[in-house]
Amino acid sequence: MITLDFTNMMTARGLTPEDINSLKDRLKIIHADITRKKNREFHFLDLPSENTEQLSLIADNVKNTSDFFLLLGIGGSALGPKAILQALKPFYNLKHSPKIFIYDNVDPGTLTSILSIVDLKRTTVNVVTKSGSTVETMASFLILMNALKEVHGDKFSKRIIATTDPEKGALRELSAKTGFRTLPVPPDVGGRYSVLSPVGLLSSSVAGINISGLLKGARDMLKKCSNEDLWKNPAYMTASLMYLLDKKKKRNISVLLPYSDRLKTFSEWYCQLWAESLGKNGAGQTPYPSLGTTDQHSQLQLWIEGPADKVVTFIKIDDYGSDMLISKEDSGSMGYLKNHSLGELIKAEQEATELALQKAGVPNMRLNVPMIDAYYTGQLFLFFELVTAVTGLLYGINPFDQPAVEEGKNLTYGIMGRKGYEQKGLEVSNYRDKLQKSRYKI
Ligand code: PA5
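Because the structure is a prediction, the values reported are computed rather than measured. (Residues numbered from 1 in each chain as written. Predicted model: local features only at pLDDT ≥ 70, side-chain atom pairs only at ≥ 80, totals over all residues. Heavy atoms only, no water.)

Q: I would appreciate a short explanation of the packing of helix H2 (residues 24-35) against helix H11 (residues 234-249) in the present structure.
A: Angle between the axes and distance between the axes: these two values describe a pair of packed helices. Direction vectors running N to C along H2 and H11 enclose 130°, while the axes themselves pass 12 Å from each other. As the angle between them shows, H2 and H11 are arranged oblique. Relative to H11, the crossing made by H2 is right-handed. Note on element contacts: H11 touches H2 through Tyr236, Ser240 and Tyr243, opposite Arg26, Leu27, His31 and Ile34. When its residues are assigned to classes, the contact of H2 with H11 shows four nonpolar, two polar and one charged. (Axes fitted to C-alpha atoms, helices over the stretch in contact; angles between N-to-C directions. Helix = DSSP H or I, 4+ residues; strand = E, 2+ residues; numbered from the N terminus. Parallel < 35°, antiparallel > 145°, perpendicular 65-115°, else oblique. Left-handed = near helix turned anticlockwise from the far one by under 90°. Contact = heavy atoms within 4.5 Å. Nonpolar A, V, L, I, M, F, W, Y, C, P; charged D, E, K, R; others polar.)

See the structure below:
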């Protein structure tokens, strides 16, 4: 089981047991709300127990019929699948087929490059959008759908799998009309909490990842985090520590620091989850996606001597699955490395960085991960999702919505001439006129 060590949060510049106990009553209420699923969005906790038969059949069919698998999505509809693939099948495309591309932007250069690589005759497109209307995803999808039509004629729809709301949305309607295969994104599960649904599981299954292990890990973590007593519940404890360090000590930047290249995209997934869930009504910590040891030579100076506003969460890996002896020879000034391995070095660096931060009074904690496999990756996903939801409830905000994202979307619709958004278009024109006349230009 993954374990949490938060000793270095409980230091002179950190927190006291009394601080933590001050949240006991509130956490009791939150625990009761989670247990009886007061918010329907707590459905994400049930995902690890849901049936995956249909998606496994679809994945088998993709493997038999395709050399390329192109997932189109953005935000919660792309970061989870990307994080799983990097954690569990690093360098997948160099060694395996179907080659998997996850495209989560509208940069024409990138899509042109992808289209120059894939053979559309042997490509399956998985369009992932819960709402079925996200402009970035749907714009790329229209391009791919038309391209598939040109290659496959009437049979193009067999090359498309739509992962979307089971009942509503433009993509659901189009799927019903055109006959795409579909997989559901449960309506009660927000995009950034959907990694353990078909959103993250189809591409994983196509890549041959052990999705049962992933889900079992998540279920076991949920069990471990079901204790009402926060001193025995790592998710409630982490949420309490983060909330208190922000509120009481102004530690408003959360650095996630895994010591594994394989968890680099996991850090990005965490950042979206933390930022979009908690940044509301003036609340929230800014997440920073980091990587050990790389960022010791980029960020560590700032964390130690810069503003005292950061809290660092280490992810330490016990077993890297392989190791390499650095040298059997005594090589001069590097002689101290003789008979040591890379695994030893990365662990030494993690420990040294932890101690350096502790000595400088930077609150930090550590998740000890036995190894990066499907089971422990599932534990990590469930853990951070629950921590995020509970932290949001401690702030007194809704961790499941993202109202501030809407304005940018609506203004984009105005610029692109969508019907019903004429007023937004006008606002943009006025803004452009104002900028044209601005004095503050060099
Ligand atoms: O977490 C969220 O809800 C968002 O980041 C969404 O995942 C993102 O906006 C994409 O939405 P959709 O899946 O509806 O295309």
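Once you've had a look at it, read on.
Q: In this structure, what is going on with a nonpolar patch on the surface? I would like to understand it.
A: Together, Met324, Ile326, Leu342 and Leu345 give the surface a local cluster of nonpolar side chains, amounting to about 340 Å² of exposed area. Residue placement: Leu345 occurs in helix H14 (residues 342-359). (Patch = residues over 30% accessible without salt bridge, like charges linked within 9 Å, V, L, I, M, F, W, Y side chains within 5 Å. Areas by Shrake-Rupley, 256 points an atom, 1.4 Å probe, with all protein chains shown as cover. Salt bridge = Lys/Arg side-chain N within 4 Å of Asp/Glu carboxyl O.)

Q: What's the story with helix H12 (residues 264-278) in this structure? I'm lost.
A: An α-helical turn contains 3.6 residues, so any two residues separated by three or four positions project in the same direction. Spanning 15 residues, H12 covers 21 Å between terminal C-alpha atoms, matching the ideal 21 Å at 1.5 Å per step. Within H12, eleven of the 15 residues are buried, which leaves the element mostly enclosed by the surrounding structure. What H12 keeps buried is the set Thr265, Phe266, Ser267, Trp269, Tyr270, Cys271, Gln272, Leu273, Trp274, Ser277 and Leu278. The inward-facing, buried residues of H12 abut helix H4 (79-88), H11, strand S7 (253-258), strand S8 (286-289), strand S9 (310-319) and helix H15 (374-395). (Expected span 1.5 Å × (residues − 1). Buried < 20%, exposed > 50% of the residue type's maximum accessible area, 1.4 Å probe, protein only.)

Q: Please clarify how the nonpolar core should be interpreted in this entry.
A: The tendency in soluble globular proteins is for nonpolar side chains to be buried as a group. Phe44, Phe266, Trp269, Ile315, Leu380 and Phe384 are the most contacted members of the largest nonpolar core, which totals 92 residues. Considering every element that reaches this core, the biggest residue donor is H15, with 13 residues. For this core, the two domains that each supply at least three residues are domain 1 (3-35 + 215-395) and domain 2 (45-209). Grouped together as the second largest cluster of nonpolar side chains are 22 residues, Leu70, Leu120, Val125 and Ala162 included. (Core = buried A, V, L, I, M, F, W, Y, C linked by side-chain atoms within 4.5 Å. Domains from an automatic or database assignment.)

Q: So what exactly am I meant to see when it comes to the sheet that holds strand S6 (residues 181-184) here?
A: Strand pairing in a sheet relies on backbone hydrogen bonds, with the paired strands running either antiparallel or parallel. Read across the open sheet, the five strands follow the order S3-S2-S4-S5-S6; overall the sheet is parallel. Edge strands, defined here as strands with exactly one partner in the open sheet, are strand S3 (99-103) and S6. Averaged over all pairs of adjacent strands, the angle between their axes in this sheet comes to 15°, without regard to strand direction. Bridge analysis of strand S2 (residues 68-72) against strand S4 (residues 123-128) gives five bridges, and the strand direction is parallel. For Leu70, the partnering residue across the bridge sits in S4 and is Val125. (Pairing = 2+ DSSP bridges.)

Q: Whenever I open this one, the packing of helix H10 (residues 211-224) against H15 confuses me. Can you help?
A: Contact geometry of H10 with H15 gives a least axis separation of 6 Å together with a crossing angle of 50°. Classified by the angle between their axes, H10 and H15 sit oblique to one another. In this structure, the crossing between H10 and H15 has a hand that is right-handed. Of the residues in H15, those in contact with Gly213, Leu214, Lys216, Gly217, Ala218, Asp220, Met221 and Leu222 of H10 are Ala374, Tyr375, Thr377, Gly378, Gln379, Leu382 and Phe383.

Q: Would you mind going over the site of the ligand with me for this structure?
A: Neighbouring the ligand are 13 residues; Ser77, Thr129, Ser131, Thr134 and Gln272 lie closest to it. Between the ligand and Lys130 there is a distance of 2.8 Å, counted from an oxygen atom to a backbone nitrogen or oxygen. Taking Glu276, its side chain carries an N or O atom lying 2.8 Å from an oxygen atom of the ligand. Compared with its free state, where it exposes 380 Å², the ligand has 89% of that area covered by protein. Along the lines of polarity and charge, the residues of the shell around the ligand split into one nonpolar, nine polar and three charged. (Near = heavy atom within 4 Å. Polar contact = N/O pair within 3.5 Å; in protein donor to acceptor, adjacent residues only side chain to side chain.)

Q: Help me understand the pattern of salt bridges in this model?
A: Where side chains of opposite charge bring their charged atoms close, a pairing between them can arise. All chains considered together, the criterion is met by 20 salt bridges. The closest approach of N and O atoms between Lys37 and Asp46, which form a salt bridge, is 3.1 Å. A relative accessible area of 30% means that Asp46 is categorised as partly exposed. Between Asp401 and Lys280 there is a salt bridge, and its shortest N-O distance comes to 3.0 Å. Residue Asp401 is found in the loop between H15 and helix H16 (405-416), and its partner Lys280 is found in the loop between H12 and S8; the two are separated by 121 residues along the sequence. Taken together, the salt bridges that share partners define one network made up of Asp5, Glu354 and Arg366.

Q: Got a minute to help me understand the packing of aromatic side chains in this structure?
A: Counted under the stated rule, the structure contains 19 aromatic pairs. Between the aromatic rings of Phe266 and Trp269, the centroid separation amounts to 5.1 Å while the plane-to-plane angle is 40°, which identifies the pairing as tilted. Here Phe266 pairs with Trp269, and both are found in helix H12, just three residues apart, close to one helical turn. For Trp269, a relative accessible area of 2% corresponds to the buried category. One aromatic cluster is present, built from ring pairs that chain together Phe266, Trp269, Tyr270, Trp274, Phe381, Phe383 and Phe384. When the ring centre of Phe156 is taken as reference, the NZ or CZ atom of Lys149 above it lies at 5.2 Å. (Phe/Tyr/Trp six-rings, centres within 6.5 Å; stacked < 30°, edge-to-face > 60°. Lys NZ or Arg CZ within 6 Å of the ring centre and 35° of its normal.)

Q: Teacher, can you tell me more about helix H17 (residues 422-437) here?
A: Its 16 residues give H17 an end-to-end C-alpha distance of 23 Å, which sits within 8% of 22 Å, the value for a rise of 1.5 Å per residue. For H17, the set of buried residues is Lys424, Gly425 and Val428. Down the axis, H17 shows its buried residues gathered within 105° of arc, on one side only. Opposite its buried face, H17 presents the exposed residues Glu422, Gln423, Lys434 and Lys437, each directed more than 90 degrees away. Considering only its buried residues, H17 is in contact with H16. (Arc of directions from axis to C-beta.)

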